[in-house]
Amino acid sequence: MYSVITISDTCAAGTATDTSGPHLTTLIKQAFDTETVNYLLIADEEELIKKSLIYACDVLKVRAIFTTGGTGFAPRDVTPEATRAVLTKEAPQLSLAMTLRSLEKTKFAVLSRAVCGVRDRTLIVNFPGSKKAVSECFESIVDVLPHVFNLLNEGEIEAVRETHRKVQKDGEVRASSGHHVCPHATGKGGDDRNSPYPMIAASEALKKILQHTPASTNPPKKQLSRINIPPFRASIKDGYAVKANGGKGVKKVIGYVSAGDSIITSNFTIDECYKINTGGPLPSFADAVVQIEDTKLVSREGDYEKLVEILSEPSPNLDIRPIGSDLRIAEEVFQYRFPLEATQRALLAAVGEKPSVEKLKVAILSTGDELLHPYDTDATVEQANQEGKIYDSNTTMLVELIRKFGFSDDQCEIQQRVVKDDFDSLVEVIQSLTGEMHIIICTGGVSMGDKDFVKPALQKLDYKLVFGRVNIKPGKPCVFASSCKTQFFGLPGNPVSAFVTFHLFALPALRQYLGTINQTPTQSAKRTLPIINVELLDEKYDLDPRPEYARASIVSRNGKLMASITGGQISSRLKSTIEADALLELPARSDDRPSIKAGTILKAHILRFDFISSYE
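Residues numbered from 1 in each chain as written. Predicted model: local features only at pLDDT ≥ 70, side-chain atom pairs only at ≥ 80, totals over all residues. Heavy atoms only, no water.

So what exactly am I meant to see when it comes to helix 3 (residues 46-59) here?
Because the α-helix completes a turn every 3.6 residues, residues three or four places apart line up on one side. The first and last C-alpha atoms of helix 3 sit 19 Å apart over 14 residues, in line with the 20 Å expected at 1.5 Å per residue. Every buried residue of helix 3 is listed here: I49, K50, S52, L53, A56 and C57. Viewed end-on, helix 3 has its buried residues packed into an arc of 165°, placing them on one side of the element. Exposed residues pointing more than 90 degrees away from the buried face of helix 3 are listed as K51 and V59. Turning to helix 3, the residues buried within the fold contact strand 1 (2-7), strand 2 (37-42), strand 3 (64-68), helix 4 (79-86), strand 5 (116-119) and strand 6 (122-127). Where helix 3 terminates, the next one or two residues include K61, which has phi positive at roughly 55°. (Helix = DSSP H or I, 4+ residues; strand = E, 2+ residues; numbered from the N terminus. Expected span 1.5 Å × (residues − 1). Buried < 20%, exposed > 50% of the residue type's maximum accessible area, 1.4 Å probe, protein only. Arc of directions from axis to C-beta. Contact = heavy atoms within 4.5 Å.)

When you look at the sheet that holds strand 11 (residues 249-257) in this model, what are you seeing that I'm missing?
To summarise the sheet geometry, strands pair through backbone hydrogen bonds and adopt either a parallel or an antiparallel arrangement. An order of 13-10-12-11-15-14 is seen for the 6 strands of this open sheet, with the pairing classed as mixed. Two strands bound the open sheet, and with one partner strand each, they are strand 13 (288-291) and strand 14 (295-301). Shown here is a sheet whose adjacent strand axes are inclined to one another by a mean of 35°, direction ignored. Here strand 10 (residues 239-242) pairs with strand 12 (residues 272-276) via 3 bridges, running antiparallel. Within the sheet, the bridge partner assigned to A241 lies in strand 12 and is Y274. (Pairing = 2+ DSSP bridges. Axes fitted to C-alpha atoms, helices over the stretch in contact; angles between N-to-C directions.)

Even after reading the chapter, I still don't get the nonpolar core, so can you show me in this structure?
Nonpolar side chains in soluble globular proteins tend to be buried together. The biggest cluster of nonpolar side chains holds 45 residues, and the ones touching the most others in it are V362, I402, I441, F467, F489, F502 and F505. Listed by contribution, the elements that provide at least two residues to this core are helix 9 (202-212), strand 18 (360-367), helix 12 (394-404), strand 21 (412-419), strand 22 (439-443), strand 23 (464-467), strand 26 (487-491) and helix 15 (495-512). Per-element tally for this core: the top contributor is helix 15, with 11 residues. Those residues in contact with I441 that sit more than four places away from it in its chain are V362, A363, I364, L365, L398, I402, F489, L491, F502 and A506. The next biggest cluster of nonpolar side chains, apart from the first, holds 27 residues, and it includes A64, F66, V118 and F138. (Core = buried A, V, L, I, M, F, W, Y, C linked by side-chain atoms within 4.5 Å.)

What should I look at first to understand the sheet that holds strand 5 in this one?
Spatial ordering of the open sheet is given by 2-1-3-6-5-4, a layout of 6 strands whose pairing is mixed. Every interior strand has two partners, whereas the edge strands, strand 2 and strand 4 (89-90), have only one. Relative to strand 2, strand 1 runs parallel, the two sharing 6 bridges. Each bridged residue has a counterpart across the sheet, and for I5 the counterpart in strand 2 is L40. With respect to the sheet, helix 4 is in contact with strand 1, strand 3, strand 4, strand 5 and strand 6, its orientation differing from that of strand 6 by roughly 165°. Its contacts with the sheet place helix 7 (residues 145-152) against strand 1, strand 3, strand 5 and strand 6, and it is angled at close to 145° to strand 6.

Which parts of the structure should I look at to understand the pairing of strand 31 (residues 582-586)?
Every regular strand shows the same layout, with side chains that alternate between the two sheet faces. Burial within strand 31 is extensive, with 4 of its 5 residues counted as buried. The pairing of strand 29 (residues 548-557) with strand 31 spans 5 bridges and is antiparallel. Looking across to strand 31, one finds that R551 is bridged to L583. When strand 31 meets strand 33 (residues 601-606), the two strands line up antiparallel, connected through 4 bridges. Directly across from L583, in strand 33, lies its bridge partner H605.

What follows is the structure in structure tokens.
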């Protein structure tokens, strides 16, 4: 966890807009691949600055605090004094590195009084107040910060030793460059630590996915009936089978017909009848059914009716289902839609057929040395707590989501695997699945870490990398790649990021793959989640620099649909999905719109059928 504190009287008073703090937040998220950055805006008050720093260090226990503003010579510039008062150790060389970088741009850099240091296990860094200076100063020290964090955390001592070994090994090569070798280097080379993949909009990402995902070019498959339904004349009501020309009057009950009985083929007189149940086969010489309500019992013998009076005039074919009235032999039952719905399955059962579909083959992969199978008896809770391991939840979640959206066993074959954070292992697994699976959905290994091997593995296997980043929160490092036989989704490893990107990108591809949705403009929207307009309930929500898909519950209040965001939205907090009825589409932060308030109309992407949590 990290903290950004903007210190400015004018911004705190609302007479100016803070651009440095949000920009610094973005830099931290990109550099350290995190969504957990606390942001605070306060005035130039020395005691307030001290209390804010102490709270972030001692209570929140963040890894680092980055302040912006209040480092100059103006009377109210007291950030250095407040910072120095709470430090246990100073780190003047960090300040020097920032000054030297800034001096390359302007001689006025000597006027910055920024202080850097440590309070217990938290690093504190002062940056100047301008957005441009923040960028320059952050770039000057970002390479060494992961090593600083490792040094401050005793549990990361092995990472410290590895860094030192690497520095010593490559010292002769690196010495002239003056760069610290960070264990989080991407391997791209040079000084550029940014991803080479441009961030594209979510709408553009989905468009590219659907362009590269094949849909069936064959005519829609028709299911024909091989039987008549009903295959015999059947009674619609509980009543009496009669000859219509016998009219009203007293009739002798000569037999009983229930559903499932054989057809009675013997003739009978107009003064006779059969008692018949709904669905029962009509006797061959009967041509009408009079419902019980239109009769009167005259007499009985024991448990059996003997005489009954018909009170209404029967007409031919009264309350009879003719042969084939629902479906006739060779009549079209339906055109296949996938995934199969309950009504389609019911009709297949009615004509005695099994689903006849080409199975969609999907592989679900999770990458990570830290992953334990949740149902492995050897993977104890003690291991998960003490040995740096965690239970793998992503594969379970993705399989259940695929099944939830109707891709059942008889339509979709799913393989699950956990893969080590190893380049060769990942290449081997993807290679074995390519051509065998229609779609591979992998979580993890797609960001900027030194063990994020998904993109290099795909390139080695000659996949076309369609895109490597999407401008959304959560889910920025989402990857989509295509080969001639298999489509590959590289979703982020954080569970919520995987949850969101599956719904936005993978689900539409699954629905399209076998041409399951008509390709007309009006029907193609059905590949995605349904979208409705809702009104925000929350009093205020601070926007992110990226467009965000927040988990939200839907409330119906006097017929109006309203949305409430489900608590903390960090991408590792899977619990935020439990109460989620929808993904709330939030705009990116702007200078004119840093937050949204209650009453704002927003688009909600509906996650489930029973999407209203409560009625008020």
